[in-house]
Amino acid sequence: MAQLSVSGASTTTVIAPFTGTALHELPLSSIRDVQDAAEGAREAQREWHAAGFAHRRRVLLRAHDVLLERREELLDLLQTETGKTRGQAFEEIFQAASVTRYYAVSAQSVLATKRRRAGIPLLMTTRVSYSPKALVGVVTPWNYPVALGAMDIVPALAAGSAVIQKIDNQGALAMLATREAYIEAGVPAEVWPIVAGPGNEVGNAVVDSCDYVCFTGSTPTGTKVGERAAARLISASLELGGKNPLLVLADADPAKAARDAVYACFASMGQLCVSIERIYVHESIAEEFTREFALRVGALTQSAALDFSGDVGSLTSQAQLERVQAHVDDAVAKGATVLAGGVARPELGPYFFAPTVLTNVTADMQCFADETFGPVVAISTVSSDAEAIELANNTEFGLNASIFSGSLAHARRLADRLNAGSVNINEGYRGSFSSVDAPMGGMKNSGLGRRNGPEGILRFAQSRTVSQSNGILQLPRSGAEFAAMAGLMITLLGLLKVLRRR
Ligand code: NAD
């Protein structure tokens, strides 16, 4: 097993979801370990920054290749630790490699010193330059450890920052193996220490030690992290929960929509922040869509095999199994109809649960508004686009939404009315998720800030505006000089407005 860069005195046993047996003993860091790691990372960051963009580009492009060369090992670890299928593990490696290539080649141009319009043309010249924040704290969850880790860590490294990462216990091996790949490619080990342990101790210590914090996890924890960061006057990006809707419009092909909706809802057993938990289907195609959808969900192959033979895998933990079972039991007790699934599948493994389709879900049920974060989707029928939009937006969350339609123009028009950080047309989440040049994040209680794209690296840069007086004309200093120049300056303002100058 790869070692934690900061070893801890105590350990915890990590369970393999496919079997329920002990997988490994994970060292747990102390608060002192976090502080030492942070200090070491700050020291190493100076050289990493001084090495320059060209060096970091070479290293990251090499890391891209090492990651892909080691994909079989990484896929095995991801499957074994999270219980997901090989296909969904593959999505993680694909995403990590994409984001690594993207920031390797784009960091320098985004963070290059740029000229901006000076307030007083000719007299002044203004430029903006960037310095990296020295130490970025990254707190990652267990569901997509490698992809989500890479989306925060790689841009920080590309910017010239160091990173201290607090991993979740589940997924630790995959993340440690991923870090090894970057170290082999030339990222100094001290620039990216990893720590593990309870969130309210080790996570807090990470927030207390860094200059910016990237948090991915639940809305309640993210809110606490945001408050703690604010108390230190450091910024944070908070990538939080969702209750993501899918709109199936009247002009959609119901059979095709049903086929595509299955992946949108059940990839990684719904343990994915952007996965669909609510479907609003137009009444004109509701019957055909629902019949076909339930049939296809019932026919999914559920498997623990370390190959591409399974469509869906297992839930990741006992806690996840209990949460999903509780949401389904509550809904059924209050009158929901189960069209597929609804039961655990212990014959396959301890945390297997059958992908579940519900109808007649009402506001008094837990799964109506709360994120299940599992393989449970509720179908409702609507009579118009307006009703679908209203219901889709009727949530505290605003992470992802999806529209299935026979007309891209129709779908794009509706997309602009959805209060969500990403909207996918004729896809569940993969369009926006894989578009690493475009910002990703949540509206409302789904988060704060954005990862990916230029926005995702500007998080780690402090801007410095450098403005110079060109010596052509001295700005007024005394009352007399203002009196002499005020008229000229008013004329200048008028001229700039006429010329539509920014
Ligand atoms: P969680 O909030 O319980 O834990 C996430 C991480 O935060 C873990 O590493 C945990 O140890 C750590 N943590 C816990 N308390 C902390 C504290 N006080 N300070 C700092 N760190 C602390 O979330 P979870 O249940 O593990 O993950 C599932 C949730 O994450 C879901 O709500 C899901 O929607 C969300 N999520 C969001 C995104 C996104 O990009 N928006 C991606 C994946 C998961």
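For clarity, every value in this text was computed on a predicted model and none was experimentally measured.

The rules behind each value
- Residues numbered from 1 in each chain as written.
- Predicted model: local features only at pLDDT ≥ 70, side-chain atom pairs only at ≥ 80, totals over all residues.
- Heavy atoms only, no water.
- 1 Å grid on protein atoms, 1.4 Å probe; cavity = no way out; pocket = protein on both sides within 12 Å on 5 of 7 lines; lining within 4 Å.
- Points joined across faces, edges and corners; volume = space filled by probe spheres on them.
- Helix = DSSP H or I, 4+ residues; strand = E, 2+ residues; numbered from the N terminus.
- Nonpolar A, V, L, I, M, F, W, Y, C, P; charged D, E, K, R; others polar.
- Pairing = 2+ DSSP bridges.
- Axes fitted to C-alpha atoms, helices over the stretch in contact; angles between N-to-C directions.

1. So, empty space enclosed by the protein
No. 1: Scanning all chains against the criterion turns up four cavities of 30 Å³ or more.
No. 2: In this structure, the largest cavity occupies an estimated 70 Å³ of space.
No. 3: Forming the walls of the largest cavity are 16 residues, and the residues nearest its centre are Pro245, Ala392, Thr395, Phe397 and Asn419.
No. 4: Only β10 (244-248), α13 (385-393) and β15 (400-404) provide two or more residues apiece to the lining of the largest cavity.
No. 5: Across the lining of the largest cavity, the residue classes break down as seven nonpolar, six polar and three charged.

2. Side note on unusual backbone geometry
No. 1: Look at Phe373: it is not a glycine, yet its phi comes out positive at around 60°.
No. 2: Tracing the chain through its elements places Phe373 in the loop between α12 (366-369) and β14 (376-382).
No. 3: Despite not being glycine, Lys444 has its phi angle at roughly 50°, a positive value.
No. 4: Following the sequence through the fold, Lys444 ends up in the loop between α15 (430-434) and β17 (447-448).

3. Points about the sheet that holds strand β3 (residues 114-116)
No. 1: The three strands are arranged β3-β4-β18 in an open sheet whose pairing can be described as antiparallel. Of all the strands in the sheet, the pair left with one neighbour each is β3 and β18 (461-469). Across this sheet, the average inter-strand angle for adjacent strands is 35°, counted without regard to direction.
No. 2: Two strands pair when backbone bridges link them, and β3 and strand β4 (residues 124-132) are joined in this way by three bridges, in the antiparallel orientation. Considered in β4, the bridge of Arg116 is made with Thr126.

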